[in-house]
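Structure assessment
The lines below spell out each chain.
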Amino acid sequence: MHPVLEILSCLVALAGTLMAPRAAEPADLILAGGVVHTVDASLPRAEAVAVRGGLIVYVGATSGAMALRGPDTRVVELKGRAVVPGLTDAHGHLAGLGRSLSILDLSAASSAAAIASLVRQRAAGLAEGEWIEGRGWDQNDWEDKSFPAAAVLDAAAPRHPVALRRVDGHATWVNRRAMELAGVTRSTPDPEGGRIVRDASGEPTGVFVDTAEEMIDRLIPEPDRAARRSRLEQAIRRCLESGLTEVHDAGVSLEDLELYEELLVKGDLPFRVYAMLDADAVSEATRPLIPPRGGRLTARAVKMYADGALGSRGAALLAPYADEPGGSGLLREGRQELQARVERAARLGLQVNVHAIGDRANRLVLDAFASVLPEGGAGRRFRVEHAQVLALEDIPRFARMGVIASMQPTHATSDMPWAEARLGPERVQGAYAWRRLLDAGARLACGSDFPVESERPMLGFYAAVTRRDLSGRPEGGWLARERLTREEALRCFTLDAAHAAFEEESRGSITPGKLADLTVLSRDILSIPERDIPAVQADMTIVGGRIAHERR
């Protein structure tokens, strides 16, 4: 080890002695002989970490860590592998991920006809009248980029209601049987904040956008409690296998919050959940669940929606879509209603996190925040979830108001083939604008929005630093000026994500005295070639000093 690093290691070890009692006692776990990226400015890089009682007690040289070895200490020889702070997904949907594992996966389908074939196969194994569900279609990836029609599904499954959710969750494609059950006809009006897609004669085509989806959703039978718990557990396992130690679950119902509490009480919650409660679940009687330092479950935030998604043209824009001049998107609710929700949540002391994709929706949310935030507002840590398309003049408002931009890097690389067509060459300059936000002094928090995207954080890290797809296109990266450095991207998935959940004092960096949330990666993502990043595996996921996942 370099002499300067050795000196710094000794200083950090001394700090660990002061911060963590009984420092001379043996460690429970030692990770040694690798590269440790701490995301701690006092010692950015080390060789080893020692853990005791769920806390980090030493960071530094391998020799210093091994001095804490006792007869019962487990020592993991890293052999050059990398350790980073436990990775956090700052915006995912655990119930949605669990559900997606039990229904048709449509993400690889290249056409409506290919999806119809999958539906036909599923129908063959079901009793008449059973619902067929699926998720993941994206007409932007097909040769025919128009919305699909009910007739395609009618031919595949005439005796079953079919509901297939678009990849972004903001549009649902159904067959005629489902529309009949919902009582939808040409005379059915569009709901506020939603749209029933119609043909030139006014007949519904079978696609329901944003709040119109509720007409279908309310008919689909809900799984029982045991099935819902099983789905959550499957989703959590997938996240642990990906190296995630915490997920900010965006939009948690009271029923799912009860399931989390049940898992917690029974000792079956193996990682951390920062729950954003559904706005409809929050009332004057709601009491945020803020456990003591080291808790596995926190519910101190509320999730709201301002608009839809760009891919289904539901994102609310200040000017019409470049590829659909007659439309400028949908606001999920009016300005006054959103304002009232924000004010009520603020009175309850909750963090307010609002989904906003389009530049109009983002401006509406920032305006609503401005009316309740104190000067600066940083202490409240309100968040805009996605902050995907921003008017350039609104970007400085994030830093000025202390609003966190909770963004998902893989959205940029998924949307880049068609985003400029939606927005035009000028407006796209404010889209997925990570660098502009950082340069303006804003704080970011990175996630994936799974199951819209993969839950694998290495894909998000790769997208953040390259702005290229997995085949390496485009050369140099799409809107390359918005790329993050590797250090910035790592911080965005660790310490800055912890900050977005009021947890930066207890986790998010590898610092003595903090919780031992750690991810052991198969390779060093700060030094390997960019093209190799997506293949990096989580060899070990450690939560509170316990190994929750170990790749064999």
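Anything mentioned here points back to the structure above.
Please read all numbers here as calculations on a predicted model, not as lab measurements.

Here's the deal with the packing of helix α10 (residues 335–347) against helix α11 (residues 359–370)
Relative to each other, α10 and α11 sit at 45°, their axes nearing to 9 Å. Relative to α11, the element α10 is oriented oblique. Between α10 and α11 lies a crossing whose hand is right-handed. Note on element contacts: α11 touches α10 through Leu-364, Val-365, Asp-367, Ala-368 and Phe-369, opposite Arg-335, Leu-338, Gln-339 and Val-342. Here the contact of α10 with α11 is built from residues that sort into 6 nonpolar, 1 polar and 2 charged.

Focus: the packing of aromatic side chains
Summed over the entire model, instances satisfying the criterion amount to 6 aromatic pairs. Relative to Phe-382, the ring of Phe-369 lies with its centre 5.0 Å away and its plane at 65°, an arrangement referred to as edge-to-face. Remark: Phe-382 occurs in the loop between α11 and β19 (383–386) and Phe-369 occurs in helix α11; sequence separation between them is 13 residues. Just as Phe-369 is buried, Phe-382 falls in that class too. Ring pairs connect the aromatic residues Trp-137, Trp-142, Phe-147 and Trp-173, which therefore count as one cluster. Just above the ring of Phe-502 sits the side chain of Arg-300; from NZ or CZ to the centre is 3.8 Å.

Things to note about the nonpolar core
Counting residues in each nonpolar core, the largest one holds 98 residues, and the members touching the most others are Leu-94, Phe-369 and Phe-398. Here the element with the most residues in this core is α11; it accounts for 6 residues. With sequence-adjacent residues up to four places away left out, Phe-398 is seen in contact with Asn-362, Leu-366, Val-384, Ala-387, Leu-390, Val-403, Ile-404, Ala-405, Leu-437 and Ala-442. Ranked by size, the runner-up nonpolar core spans 23 residues in total, among them Leu-104, Leu-164, Trp-173 and Val-207.

Re the state of the cysteines
Overall, the coordinates contain 1 disulfide when judged by the stated rule. One disulfide in the model links Cys-446 with Cys-492; its S-S distance is 2.3 Å. A torsion of 80° about the S-S bond marks the disulfide between Cys-446 and Cys-492 as right-handed. Residue Cys-446 is located in strand β21 (residues 444–446), and its partner Cys-492 is located in helix α17 (residues 486–492); the two are separated by 46 residues in the primary sequence. For Cys-492, a relative accessible area of 2% gives the class buried. The thiol of Cys-239 is unpaired, and the distance to the nearest cysteine sulfur, on Cys-446, comes to 16 Å. Residue classification places Cys-239 among the buried residues on the basis of a relative accessible area of 0%.

A few points about the sheet that holds strand β3 (residues 45–46)
Within the open sheet, the 6 strands sit side by side as β3-β2-β7-β22-β23-β24. Their pairing is mixed. With partners counted over all chains shown, the strands left at the sheet margins are β3 and β24 (546–550), one partner each. Against the sheet, helix α8 (residues 225–241) makes contact with β23 (538–543) and β24, and its axis sits at roughly 90° relative to β24, the strand it touches most.

Some details on the environment of Gly-377
Summarising the element assignment, Gly-377 is placed in the loop between α11 and β19. For Gly-377, a relative accessible area of 3% gives the class buried. Between the C-alpha atom of Gly-377 and that of Ala-399, which follows or precedes it by 22 residues, the distance is 9.4 Å.

A word on the sheet that holds β21
Read across the open sheet, the 8 strands follow the order β8-β15-β16-β17-β18-β19-β20-β21; overall the sheet is parallel. Looking at strand neighbours, the two that pair on one side only are β8 (87–92) and β21, the edges of this open sheet. Averaged over all pairs of adjacent strands, the angle between strand axes in this sheet comes to 25°, irrespective of strand direction. In this sheet, strand β16 (residues 272–278) lies alongside strand β15 (residues 244–252) in parallel orientation, the contact comprising 6 bridges. Bridge pairing in β16 links Asp-249 to Ala-275.

Describing the pairing of β8
Along β8, 6 of the 6 residues are buried, which leaves the element largely enclosed by surrounding structure. Direction of pairing for β8 relative to β15: parallel, over a ladder of 4 bridges. Each bridged residue has a counterpart across the sheet, and for Thr-88 the counterpart in β15 is Glu-246.

Some details on α11
Taking 1.5 Å of rise per residue, the 12 residues of α11 would be expected to cover 16 Å, and the 16 Å separating its terminal C-alpha atoms lies within 8% of that figure. All of the buried residues in α11 are Asp-359, Ala-361, Asn-362, Leu-364, Val-365, Leu-366, Ala-368 and Phe-369. The inward-facing, buried residues of α11 contact α10, β18 (351–356), β19 and α12 (395–401).

Calculation criteria
Residues numbered from 1 in each chain as written. Predicted model: local features only at pLDDT ≥ 70, side-chain atom pairs only at ≥ 80, totals over all residues. Heavy atoms only, no water. Axes fitted to C-alpha atoms, helices over the stretch in contact; angles between N-to-C directions. Helix = DSSP H or I, 4+ residues; strand = E, 2+ residues; numbered from the N terminus. Parallel < 35°, antiparallel > 145°, perpendicular 65-115°, else oblique. Left-handed = near helix turned anticlockwise from the far one by under 90°. Contact = heavy atoms within 4.5 Å. Nonpolar A, V, L, I, M, F, W, Y, C, P; charged D, E, K, R; others polar. Phe/Tyr/Trp six-rings, centres within 6.5 Å; stacked < 30°, edge-to-face > 60°. Buried < 20%, exposed > 50% of the residue type's maximum accessible area, 1.4 Å probe, protein only. Lys NZ or Arg CZ within 6 Å of the ring centre and 35° of its normal. Core = buried A, V, L, I, M, F, W, Y, C linked by side-chain atoms within 4.5 Å. Disulfide = S-S within 2.5 Å. Pairing = 2+ DSSP bridges. Expected span 1.5 Å × (residues − 1).

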